[in-house]
Protein chains: 2
Amino acid sequence: MKDNLTQITEKNLNINREKIQEGLKKQIIIPEKNHYRFNKTWGGIQRGTTIFKDGSTIHGFPKIRRAMLLKPTIKKHFKDFQKITIEEKMNGYNVRAAITNNKIVGLTRSGLICPYTTAKLEEKIGYSFFKENPNLVLCGEMIGPDNPYVPKNIYNVESVDFVIFDIMEKQTADFLKLEQRQKLTDKYGLKNVPNFGQHHPEQAHKKAREIIKKLSKEKREGILIKHPEHKKPPIKYTTSQSNCSDLEFAYRYYNDYGSDFVHSRVVREGFQSYEWREQEQQLEERAKRLGKSILKSIKKTIKERNNNEKTTEEVSIKIKELRTAEKFKKHLEKQAVEFEVKDIEELNDGYRVHISKVMRPTNDKTKSLLNGDLW
Amino acid sequence: MKDNLTQITEKNLNINREKIQEGLKKQIIIPEKNHYRFNKTWGGIQRGTTIFKDGSTIHGFPKIRRAMLLKPTIKKHFKDFQKITIEEKMNGYNVRAAITNNKIVGLTRSGLICPYTTAKLEEKIGYSFFKENPNLVLCGEMIGPDNPYVPKNIYNVESVDFVIFDIMEKQTADFLKLEQRQKLTDKYGLKNVPNFGQHHPEQAHKKAREIIKKLSKEKREGILIKHPEHKKPPIKYTTSQSNCSDLEFAYRYYNDYGSDFVHSRVVREGFQSYEWREQEQQLEERAKRLGKSILKSIKKTIKERNNNEKTTEEVSIKIKELRTAEKFKKHLEKQAVEFEVKDIEELNDGYRVHISKVMRPTNDKTKSLLNGDLW
């Protein structure tokens with residue numbers, strides 16, 4: 001079986017057998033039940049790239065680089081072009097949906113098949129698109145509250161929804177032009193992320209700032225600035241509200257989240273405040289927002305722990321069949337996520353399973369400090 | 001010569017020759033002109049430990065651990081004792097002063113001989129103490145504005161001063177009892193850090209909080225809580241003002257300072273706000289202070305860079321003889337510090353040399369982002 005996968009990988013990714021053996025040995029290429037996946041970007045192959053036994057290669061979704069300043073960055077990055085498109089960057093988790101061996105799979109960023117995601121895709125997307133386009137991969141964001149990774153209540157989505165931001169070809173990893181993507185999604189009634197129109201790169205920063213300010217008020221994440229025919233990689237830019245909400249999240253679990261996560265978000269706030277020429281009052285508001293996101297979260301965590309409550313992240317999944325929950329639990333276990341199933345709620349059309357993820361490092365550290373241990 | 005040092009090290013630190021060879025090979029033990037120094041804590045030997053050709057061993061100054069919460073930590077750490085002393089933790093740089101081969105040396109934390117520090121110690125302390133106590137090491141803080149490492153104008157020190165917080169025995173690394181230290185410093189007219197009296201560990205957190213609040217208003221750094229006979233290692237605790245001032249400093253040079261530096265200070269603010277049961281208004285003030293420290297610094301750096309000014313740290317040293325400046329420049333070069341001498345000011349009693357340290361990573365990154373490069 002694995003030899004078969006090695007052969008397919010050799011052929012599809014055009015790398016030699018020795019290199020594959022090296023990747024397997026270094027645990028960069030991870031053998032799963034029916035596929036190989038690349039655990040990180042290596043030798044020009046994107047993290048999350050997966051090779052299946054039926055011969056499908058689904059490339060990893062490339063990391064999108066960030067603008068710290070809108071004006072100079074948009075101008076420079078797209079200087080050779082007349083038109084760029086601004087789309088919303090939604091806050092959920094990145095999913096690649098495709099079929100392999102005639103079955104839908106929902107792949108996470110690292111190329112794992114998430115059974116919950118797969119079940120949701122079967123419900124939300126179904127097979128009609130894939131039957132006629134078996135060579136295409138729908139790249140989108142899974143958003144909404146019944147979301148085991150990044151639950152957000154900001155999108156007016158009742159449970160969970162899949163919104164598409166790109167369509168990629170298997171094997172070549174080429175992205176369809178925006179127009180083609182629009183045609184296809186229209187044809188199959190699939191949802192796209194909100195589109196904020198086309199703009200000239202010399203002017204786009206003004207529009208981008210306007211959109212960012214509006215999205216920030218609505219607690220939404222940010223934007224992607226793309227060439228409509230993918231002649232340049234897209235770039236991203238996020239709202240202050242999203243930076244602060246990330247900080248709020250990170251400091252709830254201050255000993256679980258890396259300091260790099262925090263540092264980069266704080267620096268973004270400084271660059272935005274600079275570019276928007278904020279004066280004393282606006283700066284103070286931003287400072288307060290930033291500081292409060294951090295301090296309130298830490299205090300909440302300490303207070304809870306002092307009351308002997310555990311610091312947890314509460315998530316839920318909504319499923320039709322309980323066996324999806326069983327598969328999902330195995331999926332979490334495999335990733336060494338510590339969790340407890342708190343409740344299984346019966347609904348008319350299935351079940352909502354409430355899961356509590358335990359953030360052990362933060363729990364342990366906080367308890368120890370409350371007990372008078374040294375930092 | 002080095003063989004001689006190896007022999008002395010073997011004898012004084014009671015480690016075998018093979019271990020010393022290993023340390024040298026791993027660049028943990030660094031051979032200097034006339035001494036070996038330990039570049040990091042290794043095999044139970046403190047970072048900064050130095051062995052000189054005359055047979056002196058000057059142990060590294062041990063890292064002092066931090067209380068995140070005053071009350072539980074003081075109680076627990078000192079539970080077996082009746083009395084603890086609170087002293088001020090001043091904000092300058094840690095120096096160990098001693099004689100070797102009949103000459104004063106000023107050692108930095110990592111065991112380097114700083115020529116500027118050495119010259120200042122000769123002026124401020126002189127030889128009388130060491131002639132009668134050649135086996136003792138004065139551990140103190142070099143504070144004040146003419147300070148090439150941590151210049152601060154908060155102490156009403158005109159140029160630079162050396163204040164003692166411990167006296168250590170060569171060879172054994174034992175610290176003198178506070179009372180003995182007081183007697184000795186009185187005898188030789190040496191300065192000690194401010195002392196806030198003795199307290200019972202069950203009650204000391206109240207006093208500590210009072211002191212910290214006062215010190216914070218005066219922009220001072222914090223306190224050390226010690227057993228007067230060093231029967232337990234001391235612990236430290238810092239003011240909010242000092243945390244914020246560190247953040248202000250770190251974000252001026254956001255690409256030179258590690259994110260861990262930032263993260264730990266932010267977490268301290270959360271713990272202090274929790275322990276002091278701050279309500280909405282105080283929390284908002286703290287949030288604003290924290291946020292502004294960060295944002296103002298980043299903005300200042302970007303603004304400067306946009307005006308084509310370099311982001312630098314301006315420091316000065318005050319010396320009697322210009323050759324001290326020459327030696328100090330070599331000392332900085334050795335440590336790969338990038339700097340320019342901006343000005344040599346002639347004074348009645350010597351010279352003030354103005355040095356500009358160039359923070360290259362932050363300079364380069366900011367320039368690149370202003371030019372529209374991606375993060």
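What counts, and at which threshold
- Residues numbered from 1 in each chain as written.
- Chains lettered and ligands numbered in written order.
- Predicted model: local features only at pLDDT ≥ 70, side-chain atom pairs only at ≥ 80, totals over all residues.
- Heavy atoms only, no water.
- UniProt positions renumbered as here; feature names shortened; annotations may be inferred.
- Helix = DSSP H or I, 4+ residues; strand = E, 2+ residues; numbered from the N terminus.
- Pairing = 2+ DSSP bridges.
- Axes fitted to C-alpha atoms, helices over the stretch in contact; angles between N-to-C directions.
- Contact = heavy atoms within 4.5 Å.
- Domains from an automatic or database assignment.
- Buried area = accessible area lost by both parts, 1.4 Å probe.
- Salt bridge = Lys/Arg side-chain N within 4 Å of Asp/Glu carboxyl O.
- Polar contact = N/O pair within 3.5 Å; in protein donor to acceptor, adjacent residues only side chain to side chain.
- Nonpolar A, V, L, I, M, F, W, Y, C, P; charged D, E, K, R; others polar.
- Least-squares fit on C-alpha atoms with pLDDT ≥ 70 in both.
- Buried < 20%, exposed > 50% of the residue type's maximum accessible area, 1.4 Å probe, protein only.
- Core = buried A, V, L, I, M, F, W, Y, C linked by side-chain atoms within 4.5 Å.
- Parallel < 35°, antiparallel > 145°, perpendicular 65-115°, else oblique.
- Left-handed = near helix turned anticlockwise from the far one by under 90°.

Caption draft 1: Structural context of the UniProt feature "domain: RNA ligase" (unreviewed entry) in chain A. According to UniProt, the positions carrying the feature "domain: RNA ligase" (unreviewed entry) are residues 83-238 of chain A. Across residues 83-238 of chain A, the secondary structure splits into 26% helix and 32% strand, with the terminal C-alpha atoms separated by 21 Å.

Caption draft 2: Molecular detail of the UniProt feature "domain: RNA ligase Pab1020 C-terminal" (unreviewed entry) in chain A. As recorded in UniProt, the feature "domain: RNA ligase Pab1020 C-terminal" (unreviewed entry) lies at residues 250-372 of chain A. Along residues 250-372 of chain A the backbone is 58% helical and 21% strand, and the end-to-end C-alpha distance reaches 24 Å.

Caption draft 3: How the structure looks around the sheet that holds strand β10 (residues 161-169) of chain B. All names here are of chain B. Read across the sheet, four strands follow the order β8-β7-β9-β10 without closing on themselves; strand pairing throughout is antiparallel. Among the strands making up the open sheet, the edge pair consists of β8 (103-107) and β10. Along the sheet, successive strands turn relative to each other by an average axial angle of 30°, direction set aside. As defined by bridge partners, strand β7 (residues 93-100) adjoins β8 across five bridges and the pair is classed as antiparallel. Residue pairing in the sheet places Arg96 in a bridge with Leu107 of β8. Contacting β7, β8, β9 (136-143) and β10, helix α4 (residues 115-124) crosses the sheet at an angle of about 125° to β8.

Caption draft 4: Layout of the domain arrangement of chain A. Residue and element names in this part refer to chain A. Domain annotation of chain A identifies domain 1 (2-58), domain 2 (65-235), domain 3 (240-306) and domain 4 (312-370). One C-alpha centre belongs to domain 2, the other to domain 3; they are set 26 Å apart. Between domain 2 and domain 3, the contact holds 14 residues from the first and eleven residues from the second. Carbon and sulfur atoms make up 55% of the area that domain 2 and domain 3 hide from each other, which totals about 1200 Å². Among the residues domain 2 hides against domain 3, the three largest losses belong to Met68, Leu69 and Arg209. Together they make up 40% of the total. Seen at the junction of domain 2 and domain 3, the total is zero salt bridges. At the junction of domain 2 and domain 3, the tally comes to four residue pairs in polar contact (both at pLDDT 80 or more). For the side of domain 2 that touches domain 3, the element with the highest residue contribution is helix α7 (residues 204-217), accounting for four residues. The class makeup of the residues in the side of domain 2 that touches domain 3 is five nonpolar, one polar and eight charged.

Caption draft 5: Structural context of the relation of the copies chain B and chain A. In screw terms, the move from chain B to chain A is a rotation of 180° and a rise of 0.0 Å along the axis, fitting with an RMSD of 0.0 Å. What the rotation and shift describe, once combined, is the action of a two-fold rotation axis. When you check the interface residues of chain B against chain A, 100% turn up at the interface there too, and the contact is symmetric in its surfaces.

Caption draft 6: Highlighting the environment of Ile28 of chain A. Residues and elements named next belong to chain A. In this fold, Ile28 is placed in the loop between α2 (17-25) and β1 (29-31). Relative accessible area serves as the criterion here: at 5%, Ile28 is assigned to the buried category. Here the alpha-carbon distance between Ile28 and Asn243, two residues 215 residues apart in the chain, equals 31 Å.

Caption draft 7: Region of the structure containing the nonpolar core. Among the nonpolar cores identified, the biggest contains 40 residues, and Tyr251 and Phe271 of chain A together with Tyr251 and Phe271 of chain B are the most heavily contacted of them. Mapped onto this core, the elements with two or more residues apiece are α8 (240-252), α9 (259-275), α10 (280-306) and α12 (360-370) of chain A together with α8 (240-252), α9 (259-275), α10 (280-306) and α12 (360-370) of chain B. The contact partners of Tyr251 of chain A, leaving out residues within four places of it in the chain, are Val262, Ile294, Ser297, Ile298 and Thr301 of chain A together with His263, Val266 and Val267 of chain B.

Caption draft 8: Quick peek at the packing of α9 of chain B against α10 of chain B. Residues and elements named next belong to chain B. As a packed pair, α9 and α10 sit with axes 11 Å apart at the nearest point and diverge in direction by 170°. Classified by the angle their axes make, α9 and α10 are roughly antiparallel. Handedness of the crossing formed by α9 with α10: right-handed. Residue-level inspection shows Val266, Glu269, Gln272 and Ser273 of α9 in contact with α10, the latter providing Leu283, Arg286, Arg289 and Leu290.

Caption draft 9: Region of the structure containing the packing of α8 of chain A against α10 of chain A. Residues and elements named next belong to chain A. One can describe the packing of α8 onto α10 by two numbers: an axis separation of 8 Å at closest approach and a directional angle of 20°. In terms of orientation, α8 and α10 fall into the roughly parallel class. Taken as a pair, α8 and α10 cross one another with a handedness that is right-handed. Here Ser240, Gln241, Cys244, Leu247, Glu248, Tyr251 and Arg252 of α8 come into contact with α10, specifically with Arg286, Arg289, Leu290, Ser293, Ile294, Ser297, Ile298, Lys300, Thr301 and Glu304. Within the contact of α8 with α10, the residues separate by chemical class into six nonpolar, five polar and six charged.

Caption draft 10: Expanded view of the interface of chain B and chain A. Across the contact, 49 residues belong to chain B and 49 residues belong to chain A. Taken over both partners, the interface formed by chain B and chain A buries close to 4800 Å², and the fraction arising from carbon and sulfur atoms is 69%. Interface area lost by chain B to chain A is led by Tyr274, Leu374 and Trp375 of chain B, which between them contribute 16%. Where chain B meets chain A, there are ten salt bridges.

Caption draft 11: Spotlight on the sheet that holds strand β4 (residues 57-58) of chain B. Residues and elements named next belong to chain B. Read across the sheet, four strands follow the order β1-β2-β3-β4 without closing on themselves; strand pairing throughout is antiparallel. On the outer flanks of this sheet lie β1 (29-31) and β4, each paired with one strand and no other. Where β1 lies against strand β2 (residues 35-38), three bridges are found, and the strand directions are antiparallel. Pairing of Pro31 across the sheet is with Tyr36, part of β2. Those strands touched by helix α2 (residues 17-25) are β1 and β2, and its axis lies near 75° from that of β1.

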